[in-house]
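Read off the chains here:
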Amino acid sequence: MYADLINFFTTTWLGMALVMLAQCLAVTVPLLVAVAYMTYVDRKVWASIQLRRGPNVVGPFGLLQPFADGLKLVLKETIVPSSANGILFIIAPMIAFMTALVAWAVVPFDDGWVIADINVGILYLFAISSLGVYGIIIAGWASNSKYAFLGALRSAAQMVSYEVSIGFVLITVLLCVGSLNLSKVVLAQSGWFWNWFWLPLLPMFVIFFISALAETNRTPFDLPMSEAELVAGFHTEYSAMTFGLFFLGEYANMILLSALGAVLFLGGWQSPIPYAPFTLVPGVIWFALKIAFLLFIFSWTKGTLPRYRYDQLMRLGWKVFLPVSLGWVVLTAAVLTFGGWLPKP
Amino acid sequence: MILQALAFYVFAAITVASAAMVVVSRNPVYSVLFLILAFFNAAGLFLLIGAEFIAMILVIVYVGAVAVLFLFVVMMLDINLTELREGFLAYFPVGALIGAVLFAELLLGVGIIGSGSTTIAGLDMHGAQVMAVDNTRAIGRVLYTQYFYLFQVAGLVLLVAMIGAIVLTLRSRPGVRRQRAGDQINRTKEQAMTVVKVPTRGGV
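Figured I'd write up the structure that's included with this text. (Residues numbered from 1 in each chain as written. Chains lettered and ligands numbered in written order. Predicted model: local features only at pLDDT ≥ 70, side-chain atom pairs only at ≥ 80, totals over all residues. Heavy atoms only, no water.)

### Here's the deal with helix α2 (residues 28-48) of chain B
Residues separated by three or four positions in an α-helix point in the same direction, a consequence of the helix having 3.6 residues per turn. Residue and element names in this part refer to chain B. Our working rule: Every helix listed is a DSSP run of H or I at least four residues long, and every strand listed is a run of E at least two residues long, numbered separately from the N terminus. Multiply 1.5 Å by the residue count of a helix minus one, and that product is the helix's expected span. Here's how the labels work: a residue is buried when its accessible area is under 20% of the maximum for its type, exposed when over 50%, partly exposed in between, all with a 1.4 Å probe on protein chains only. For the purposes of these results, a polar contact is taken to be a pair of N or O atoms within 3.5 Å, where, inside protein, one atom must be able to donate a hydrogen and its partner to accept one; residues adjacent in sequence count only when each atom of the pair is a side-chain atom.
Across its 21 residues, α2 extends 30 Å between first and last C-alpha, which sits within 8% of the 30 Å expected from 1.5 Å per residue. If you check which residues of α2 are buried, you get Pro-28, Val-29, Ser-31, Val-32, Leu-33, Ile-36, Ala-38, Phe-39, Asn-41, Ala-43 and Gly-44. The backbone nitrogen of Val-29 has a side-chain oxygen 3.1 Å away, supplied by the residue at the start of α2, namely Asn-27. Backbone geometry just after α2 places Gly-50 at a positive phi near 85°.

### Structural notes on the nonpolar core
Rules: Residues belong to a common nonpolar core when they are buried Ala, Val, Leu, Ile, Met, Phe, Trp, Tyr or Cys residues joined through side-chain atoms within 4.5 Å.
Core analysis: the biggest nonpolar cluster contains 107 residues, and Trp-104, Tyr-134, Leu-264 and Phe-265 of chain A have the highest contact counts within it. The greatest single-element share of this core, amounting to 16 residues, is contributed by helix α5 (residues 121-143) of chain A.

### Regarding the interface of chain A and chain B
The cut-off we apply is this: Two residues form a contact once any of their heavy atoms are found within 4.5 Å. Here the buried area means the combined drop in accessible surface, using a 1.4 Å probe, for two parts upon being joined, counting both sides. We count a salt bridge whenever a side-chain nitrogen from Lys or Arg sits within 4 Å of a carboxyl oxygen from Asp or Glu. Under the scheme applied, nonpolar residues are Ala, Val, Leu, Ile, Met, Phe, Trp, Tyr, Cys and Pro; charged residues are Asp, Glu, Lys and Arg; polar residues are all the others, including Gly.
Contact with chain A, which involves 28 residues of that partner, is made by 27 residues of chain B. Taking both sides of the interface into account, the surface hidden between chain A and chain B amounts to around 2400 Å²; carbon and sulfur atoms contribute 76%. Per-residue buried area on chain A facing chain B is highest for Leu-123, Tyr-134 and Trp-141 of chain A; these three make up 22% of the total on that side. If you look at where chain A meets chain B, you find zero salt bridges. At the boundary of chain A with chain B, the tally comes to three residue pairs in polar contact (both at pLDDT 80 or more). Going through the elements one at a time, α5, α6 (146-177) and α12 (310-338) of chain A are the ones with two or more residues in the side of chain A that touches chain B. At 11 residues, the largest contribution of residues to the side of chain A that touches chain B is made by α5 of chain A. The class makeup of the residues in the side of chain A that touches chain B is 20 nonpolar, four polar and four charged.

### So, the environment of Arg-218 of chain A
Residues and elements named next belong to chain A. Summarising the element assignment, Arg-218 is placed in the loop between α8 (202-215) and α9 (227-230). Assessed through its relative accessible area of 1%, Arg-218 is described here as buried. Along the primary structure Arg-218 and Thr-301 are separated by 83 residues, whereas in three dimensions their C-alpha atoms are 8.7 Å apart. Setting aside residues up to four positions removed in sequence, Arg-218 forms contacts with Asp-42, Trp-46, Leu-213, Glu-250, Tyr-251, Met-254, Phe-298, Ser-299 and Lys-302.

Next comes the structure, spelled out in structure tokens:
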């Protein structure tokens, strides 16, 4: 009986397709719930910073607020401006949302819990995250509105600039690991929490986090949608669920970059102390806690810091982060080579 | 194998179709978007022959960076579409000739590889040894050792191109006030603020 079932799911086309579908749902559904509750947590954290209560009306402690917001967006009318480019206007939010979701295919949630355990996992993540800019730039152009276009241009320039330093951060990590596979990156950081890469590569961790803020267009780098100058930036003309997709995509991207930060620098699914009660906790919970920690810093930053000026943002990206990260790549390579700590292939 | 063949035909068909659309489409922004689609499907084709490293690099470099800048520039241009189409017939023979030459070279290249016992992997002296490890590692092993000078020359070419671009666009404009981050940070309270006693109805 069981043998038949196993046979059905591992050999037949239909069975394998069903397993694949189930895997996708097992990642996407919790992710979307996490996105919904991230908006709630964001608002609660900002409220606490500003000595307010935040959402507390819909449901107990306002816990149903994200669903009320989502329902409102779904029920509203999608308005396509008459001068907009119809097809691209609709495609743009789909691209923005989809690129934020497909990247999760290679993220390891626990030992072996990964949809596609490919050996160029880091490169795949980097490639997909560099595609996110298309949703934004197409949206800005297709809207045929000056605010949207200015927002899109700012966003494109900003994301391309900060991707360079993220690339160098990834290179330092993979120099220390000797593999592009994300599961191997996590396994290379086993042991106590000071063995995780955040400590030996602390400057890179800081650069990674700040670049992640810039990649996701969050404060202090939210110039593409700075409401004081550009109304809402690239999604000025969007309404209802088309706006909703941008919003979901932005939060999914934030969670993705936090997950990447947790995998690269905070030891992924590993427990901070490699002994019993801590190792008995499932790895996926440690992973979720690490993501939540990084997401809290995202909210905290947004609640605290003022917005950068655009020239300051470019200066930071090209004149500070690029040389520092490049120098750190050379330093790491030199230390690993001459210290004899190069990972064995 | 059927699934792979199916994937190949889908990727190949979309690559060719979108490459044709790059040339044919009336709006330059559409052209760039179709070019991106072509890059993407070409990456898919690379994946199918097991060259996952090149596929990812294609997406990162061309789709993620080069095409973004392309799109950036094309969107900023204020192009008159009818004007753009005018020279199409005049330039068509030249374009077709270049295309034909490239196609012939490609055929020649494929013919050389296909005729003898050499395969694409066989072109490398490490052949068998390389195929034993994944191709990211294989490229890494030969790129910085055996092909070190070629790699350096490629870097040098890029450096020259970069310096050329900077030289062409750099101009000194007199009378422009620049932001100096150091000066801004080093400003003290004494330099920035003065306390003024304002007489009533006198103004400052």
